Amino acid sequence: MRSYSLLAPAKINLYLEILGSRPDGYHELAMILQSIDLADAIDLHANGTDNIRLHCDHPQVPVDKTNLAYRAAQLMIHQFPDAFAKFGGVDIEIEKRIPVAAGLAGGSTNAAAVLVGLDLMWQLGLTQSELQELAAQLGSDIPFCIGGGTAIATGRGERLSPLPDLDNLHVILAKHRSLGVSTAWAYQTYRQQFSSSYISDPQSLKERSARVHSGGLVSAIAHKDAAKIGQSLHNDLERVVLPKYPQVQQLRQAFETAGVLGTMMSGSGPTVFALTASRTQAELVRQQVATAINDPSLEFFLAQFNPTGIKVV
């Protein structure tokens, strides 16, 4: 085929613990990641040239070499020059449904879709593991976005261990349209304030990273215990983001007041999500929080947990 259409789901963090610093400058992390069915639509078309051409319907999304989707296409060209010579360049069209700069891996999942799509267009026959190895060269979230579902992520986020699929939970997400939080700032600030608590020796890091596998959240996921999952949410980055951004703190408190299963900031924010047992409850919570905060710049998104990553339409 000379064209493919794909869905690229967003992801949320159900758990994010910062363990220490790595020699490469990144943080050593232990996370539990979850795909949701809020997804961008990605169309790939062979364009008969030697060029990558990127289009997006959202004005804030760059369409040059700084875009991760563009860089994913460049990586595939570099890795598979014979296939590129045979099949030529590609037009990438992104229909943005995931909010921008929201801590939901929108750019990462777009890049993952390009890797999957070009593998199919160029008839490379790569395995999921091979695609994830390529994805790790571009960013820490992208390997997870390839396969999606529910997974433990360690290292800088690229080492994945799948968990049982969750399909019994709904999620309501909210973000102030004008508010952005720099991921680099969040991690740098955390390092400045809390590096004294970092684990430094490799063996202790390995043991602490493995401990997440036996933690309460993984047990709750295995038993599909929605209430326990909600109670076990954790994100270290809230320690620096919430004091700095009172709007995020207010949003989190509004969700708590609404009586959800659990609520937390996703990743480095500024999106806050809450878990509910049904879409009906999610709708009621949306109305309650919108009334309580009464800010026209506050956007809401309703979604459900998703068992897969990139999907061909």
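Up top is the structure these notes are about.
Keep in mind that what you see is a predicted model, and the values were worked out from it rather than measured. Throughout, residues of each chain are indexed from 1 in the direction in which the sequence is written. With the structure being a predicted model, the display of local features is reserved for residues of pLDDT at least 70 and the display and counting of side-chain atom pairs for 80 or more, all residues being used for whole-chain, interface and lining totals. As a rule here, side-chain values cover all heavy atoms of the structure and leave hydrogens and water aside.

**Considering the pairing of strand E4 (residues 90–95)**
In short, DSSP must find at least two bridges between two strands for them to pair. Numbered from the N terminus, helices here are DSSP runs of H or I no shorter than four residues, and strands are runs of E no shorter than two. Direction of pairing for strand E2 (residues 27–46) relative to E4: antiparallel, over a ladder of 6 bridges. Bridge pairing in E4 links histidine 45 to aspartate 91. Judged from the 5 bridges that link them, strand E3 (residues 52–56) and E4 form a sheet pairing that is parallel. The residue bridging leucine 54 from the neighbouring strand is isoleucine 92, located in E4.

**Things to note about the pairing of strand E9 (residues 262–265)**
Two faces make up the sheet, and in a regular strand the side chains alternate between them. Burial along E9 is two-sided: the face carrying Gly262 and Met264 and the face carrying Thr263 and Met265 are both buried. Alignment of E9 against strand E10 (residues 272–276), held across 4 bridges, turns out to be antiparallel. Of the residues in E10, the one forming a bridge with methionine 265 is valine 272. Between the antiparallel neighbours E9 and E10 lie 6 residues, among them glycine 267 with a positive phi of about 55°. A simple rule labels every residue: compare its accessible area, found with a 1.4 Å probe on the protein chains alone, to the largest value its type can have, and call it buried under 20%, exposed over 50%, or partly exposed in between.

**Quick notes on helix H3 (residues 106–121)**
Its 16 residues give H3 an end-to-end C-alpha distance of 22 Å, which sits within 8% of 22 Å, the value for a rise of 1.5 Å per residue. Of all 16 residues in H3, 14 are buried, a share of seventy percent or more. By this rule, a helix spans an expected 1.5 Å times one less than how many residues it contains.

**Topic: helix H11 (residues 246–257)**
Counted at 1.5 Å a residue, the expected span for H11 with its 12 residues is 16 Å, and the 16 Å between its end C-alpha atoms agrees. Val248, Leu251, Arg252, Ala254 and Phe255 are the residues of H11 that are buried. Projected onto a plane normal to the axis of H11, the buried residues spread over an arc of 160° and lie on a single side. Seen from the buried face of H11, the exposed residues on the opposite side, beyond 90 degrees, are Pro246 and Thr257. In what follows, residue pairs with any heavy atoms lying within 4.5 Å of each other are defined as contacts. Buried-residue contacts for H11 involve strand E7 (170–176), helix H10 (238–244), E9, E10, helix H12 (279–293) and strand E11 (298–304). Immediately beyond the C-terminal end of H11, within one or two residues, lies glycine 259, with a positive phi of roughly 80°. The arc refers to the directions leading from the helix axis to the C-beta atoms.

**A look at the packing of helix H1 (residues 68–79) against H3**
All axes are obtained by fitting lines to C-alpha atoms, using only the stretch in contact for helices, and the reported angles, taken between N-to-C directions, cover 0 to 180 degrees. Orientation of H1 relative to H3, taken along the N-to-C sense of each, is 30°, at an axis distance of 7 Å. Relative to H3, the element H1 lies roughly parallel. Crossing geometry of H1 relative to H3 is assigned as right-handed. Here Leu68, Ala69, Ala72, Ala73 and Met76 of H1 lie close against H3, whose contacting residues are Gly107, Ser108, Asn110, Ala111, Val114, Leu115, Leu118 and Asp119. By definition in this entry, angles of less than 35 degrees are roughly parallel, angles greater than 145 are roughly antiparallel, angles of 65 to 115 are roughly perpendicular, and the rest are oblique. Less than a right angle of anticlockwise turn of the near helix away from the far helix marks a crossing as left-handed, whereas a clockwise turn marks it as right-handed.

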